[in-house]
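# Descriptive analysis of the structure
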Amino acid sequence: SYHHDFDDYPTTPHSTNSNSGYFLSGDDVNHKPATPNAMVVDTAEKPCMPEIASQVDFDVLEPPLTPVTQPSEELLHIPSLNKYDVLLGRGGGTNNQIGNINFRSLVRDFQPIYLTLKRKNKPLMARSLVLIVRFQGGRFLRKGDKTDEYYEVGDEKAEAK
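The following refers to the structure shown. (Residues numbered from 1 in each chain as written. Predicted model: local features only at pLDDT ≥ 70, side-chain atom pairs only at ≥ 80, totals over all residues. Heavy atoms only, no water.)

Next up on the list: the overall build of the chain. The helix and strand tally for the chain stands at five helices and six strands. Ordered by position from the N terminus, the helices and strands of the chain form the series β-α-β-β-β-α-α-α-β-β-α. Buried residues in the chain amount to 32% of all 161 residues. Taking as baseline every contact in the chain between residues at least 6 positions apart, the subset at least 24 positions apart corresponds to 72%. Surface summary for the chain: the accessible area is close to 10800 Å², and the carbon and sulfur share equals 51%. (Helix = DSSP H or I, 4+ residues; strand = E, 2+ residues; numbered from the N terminus. Buried < 20%, exposed > 50% of the residue type's maximum accessible area, 1.4 Å probe, protein only. Contact = heavy atoms within 4.5 Å. Areas by Shrake-Rupley, 256 points an atom, 1.4 Å probe, with all protein chains shown as cover.)

Inspection of the secondary structure puts Y150 in strand β6 (residues 149–152). As a C-alpha pair, Y150 and P79 span 71 residues in sequence and 9.9 Å in three-dimensional space. Apart from residues no more than four positions distant in its own chain, Y150 is found in contact with E74, L75, L76, I78, L81, L87, L141, R142, K143 and G144.

Moving on, we come to the pairing of strand β5 (residues 140–143). Bridge count for strand β4 (residues 86–88) against β5 is three bridges, and the pairing is parallel. Of the residues in β5, the one forming a bridge with L88 is R142. Strand direction decides the pairing type here: β5 and β6, joined by three bridges, are antiparallel. The residue of β6 that forms the bridge with R142 is Y151. (Pairing = 2+ DSSP bridges.)

Further remarks concern helix α3 (residues 98–116). The periodicity of an α-helix, 3.6 residues per turn, causes residues three or four places apart in sequence to face the same way. In this model, α3 (19 residues) spans 28 Å end to end at C-alpha, consistent with the 27 Å of a helix rising 1.5 Å per residue. A bend of about 50° at F110 is the largest found in α3, and the proline P112 appears one to four places after it. Burial in α3 covers these residues: G99, N100, F103, L106, D109, F110 and I113. Among the structural elements, β2 (49–50), β4, α2 (92–95), α4 (122–135) and β5 are those in contact with the buried residues of α3. Measuring from the side-chain oxygen of the N-cap residue of α3 to the backbone nitrogen of G99 gives 2.6 Å; that N-cap residue is Q97. (Expected span 1.5 Å × (residues − 1). Bend = angle between axes of the 7 residues up to and from the residue. Polar contact = N/O pair within 3.5 Å; in protein donor to acceptor, adjacent residues only side chain to side chain.)

Here's what the structure looks like:
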């Protein structure tokens, strides 16, 4: 079992809205510009951890190191994709799939955290994003030849996405 330690990253249910502290709003627009020292303090603050990070059963900054899901050798017959299924491939068919839209939103939510990580820790965040999608019931799929045929690509290929 993994221990959750989010003291360094406060959670917020609205981590991507424009009132998260990264943008000027309302009365702030007419104030004098911040001094250079104040600007350093503002940019040194750690971004908020998205709410989903507290809902999964692992620490998103220290995910399991081994892949959980292996690629499937056999075709999966899936009559309808769920809202968290991510299709790998190119073009509008994959871009417009609801699971891909949700995945891009998840990536945007974690981008401020990702940008604060050291290079060696960035692949761990990619693994966490894959595991979050799986925690929500999503899969990473590649289309087969027929309409309802898919292959599970596995965690390693999904992390590259």
